[in-house]
Amino acid sequence: MSVTILVGGQWGDEGKGKVIDLLADGVDMVVRSQGGNNAGHTVVSGGREFRFQLIPSGILYPQVTCVIGHGMVVDPRAFLAELATLRGQGISTDNLVISDRAHMVMPYHPAFDKLGEQQRGDDRLGTTARGIGPTYEDKVRRIGFRIGDLQKPRFMEKKLRFVLRLKNEALTRLYGVDPFDEQTILDEYMQHGELLDRYIRDIYPIVQGAIARGDRILLEGAQGVMLDIDLGTYPYVTSSAPTAGGACTGSGIPPSRISKTIGVFKAYTTRVGYGPFPTELHDGLGERIREVGAEFGTVTGRARRVGWFDAAVARYAVNTNGVDAMFVTKLDVLDSVDPIRICTGYVSKGESWDHPMANISHMKHCEGVYEEMPGWLSPTRDCRRLEDLPAAARAYITRLGEVSGAPVEGVSVGPDREHTIVLGPLIP
Ligand code: IMP
């Protein structure tokens, strides 16, 4: 038996989709534990591109059971659209299950997400506008709807009457916009319920059964540690816990069962949305890396902000998640960059910091402390072994491991599954 957690070590978009796809081939079950269709994982396999938002990327392997865990929030519309796309691509979804405990994005949640952003004005967060935050808010406020509620029409109806009164009051009185109609929502969601019925399950026996059988399980993280509601650059974060701890609570797998945690890190850094980003490049080099790395959001199409590798962030991710091994992605994007810089810490108000600070204003205005390494100025995409890499690229990879505090076990040098250098065992 082995349980491997895969987390994003930066601000999301580290290229986790590709790594999950690589690892999923060797496991029996893939579980997603948090987030919703704010996430976007792209997998290129055999020259074909697949995009995932809610459904675990393991779905490409028919032998793998794919679980949407109870820590996730599921928009039934988005889920059904994703199912249809996958089926259209000839992918079987027979081994997919959704926890009946997962919370559900309701039609008013994206509306509140957008209105909340408008209300914040210049201080907006830059959310994906998918209603993820408002859905988690309702979960904590204990007025959320769970996927299992779709199987209880009378309960849904009674609860919606109560909840929608609260929602419509806020919409009309606070925001001055039109209310939602109860019957329209009920009709739509009952239809979704019929289509989702075959996937909705109590995942407790499924997950515990897999553990008892000694199966290999992969917990697929979405977003990244710096977007964590507690550890990240609050309030410029998402509303869930995209950490190793969050993977446990969102799947019902205890920490004592975790065999290994793999952190995925881009060879540089990107973030979408607003908030502090100490190593951000505001110049032509940043633009060039954005173009070469195709740094545009999978979900919203927004241009991602680009910067140097931030080892203060990486160390923080390694230490707070117990990262045992790093997987470094998009090394090839730096093929034409020389010199390359690594941020090893910050100076804020004359004080040195080796990790991200809670004070968001200090984090916004701190100065990065950098070390410089020579670039390799040659293509790496065809490299398949560490020895194939130019010496300067090898030195860069080794240094990333040293400054971050975990060994590098995998390097990605291109989007396809084959564009990979495996240096360690990855899945135990
Ligand atoms: P939300 O998750 O839509 O509420 O957005 C909150 C913040 O998290 C925004 O800055 C988003 O851009 C960011 N975010 C959410 N999901 C992802 C992701 O999958 N990748 C990168 N950033 C994300």
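Criteria and cut-off values
Residues numbered from 1 in each chain as written. Predicted model: local features only at pLDDT ≥ 70, side-chain atom pairs only at ≥ 80, totals over all residues. Heavy atoms only, no water. Near = heavy atom within 4 Å. Polar contact = N/O pair within 3.5 Å; in protein donor to acceptor, adjacent residues only side chain to side chain. Areas by Shrake-Rupley, 256 points an atom, 1.4 Å probe, with all protein chains shown as cover. Nonpolar A, V, L, I, M, F, W, Y, C, P; charged D, E, K, R; others polar. Phe/Tyr/Trp six-rings, centres within 6.5 Å; stacked < 30°, edge-to-face > 60°. Helix = DSSP H or I, 4+ residues; strand = E, 2+ residues; numbered from the N terminus. Buried < 20%, exposed > 50% of the residue type's maximum accessible area, 1.4 Å probe, protein only. Lys NZ or Arg CZ within 6 Å of the ring centre and 35° of its normal. Axes fitted to C-alpha atoms, helices over the stretch in contact; angles between N-to-C directions. Parallel < 35°, antiparallel > 145°, perpendicular 65-115°, else oblique. Left-handed = near helix turned anticlockwise from the far one by under 90°. Contact = heavy atoms within 4.5 Å.

Novice: Can you walk me through the site of the ligand in this structure?
Specialist: Around the ligand, a shell composed of 15 residues is seen, among which Asn38, Thr128, Gln223, Thr238 and Arg302 lie nearest. Side-chain polar atom of glutamine 223 to a nitrogen atom of the ligand: 3.1 Å apart, as the coordinates give it. Calculation on the ligand without its partners gives an accessible area of 470 Å², and the protein chains cover 96% of this total. The class makeup of the residues in the shell around the ligand is six nonpolar, seven polar and two charged.

Novice: Would you take a moment to explain the packing of aromatic side chains for this structure?
Specialist: Aromatic ring pairs are reported here in terms of the distance separating the ring centres and the angle at which the planes meet. Under the definition given, this model contains six aromatic pairs. Ring centres 5.8 Å apart and planes at 80° place the aromatic pair phenylalanine 79 and tyrosine 199 in the edge-to-face group. Here tyrosine 199 lies in the loop between helix 6 (182-196) and strand 9 (200-201) and phenylalanine 79 lies in helix 2 (residues 76-88), a separation of 120 residues in the sequence. In terms of burial, phenylalanine 79 and tyrosine 199 fall into one category: buried. Geometrically, the ring pair formed by tyrosine 108 and phenylalanine 180 is edge-to-face, given 6.3 Å between the ring centres and 75° between the ring planes. Of this pair, tyrosine 108 sits in helix 3 (residues 108-120) while phenylalanine 180 is found in the loop between helix 5 (153-174) and helix 6, placing the two residues 72 residues apart along the sequence. Look at phenylalanine 180 and you get partly exposed, because its relative accessible area is 26%. We note lysine 159 situated over the ring of phenylalanine 145; from NZ or CZ to the ring centre the distance is 5.0 Å.

Novice: Would you mind showing me how to read the packing of helix 2 against helix 6 here?
Specialist: Geometry of a packed helix pair, given as the angle between the helix axes and the separation of the axes. Interhelical geometry of helix 2 versus helix 6 gives an angle of 40° and a closest axis separation of 10 Å. The angle between helix 2 and helix 6 falls in the class oblique. In the crossing of helix 2 with helix 6, the sense of the turn from one axis to the other is left-handed. Between helix 2 and helix 6, the contacting residues are Pro76, Arg77, Phe79 and Leu80 on the first element and Glu188, Tyr189, His192, Leu195 and Leu196 on the second. Among the residues making up the contact of helix 2 with helix 6, the classes are represented as six nonpolar, one polar and two charged.

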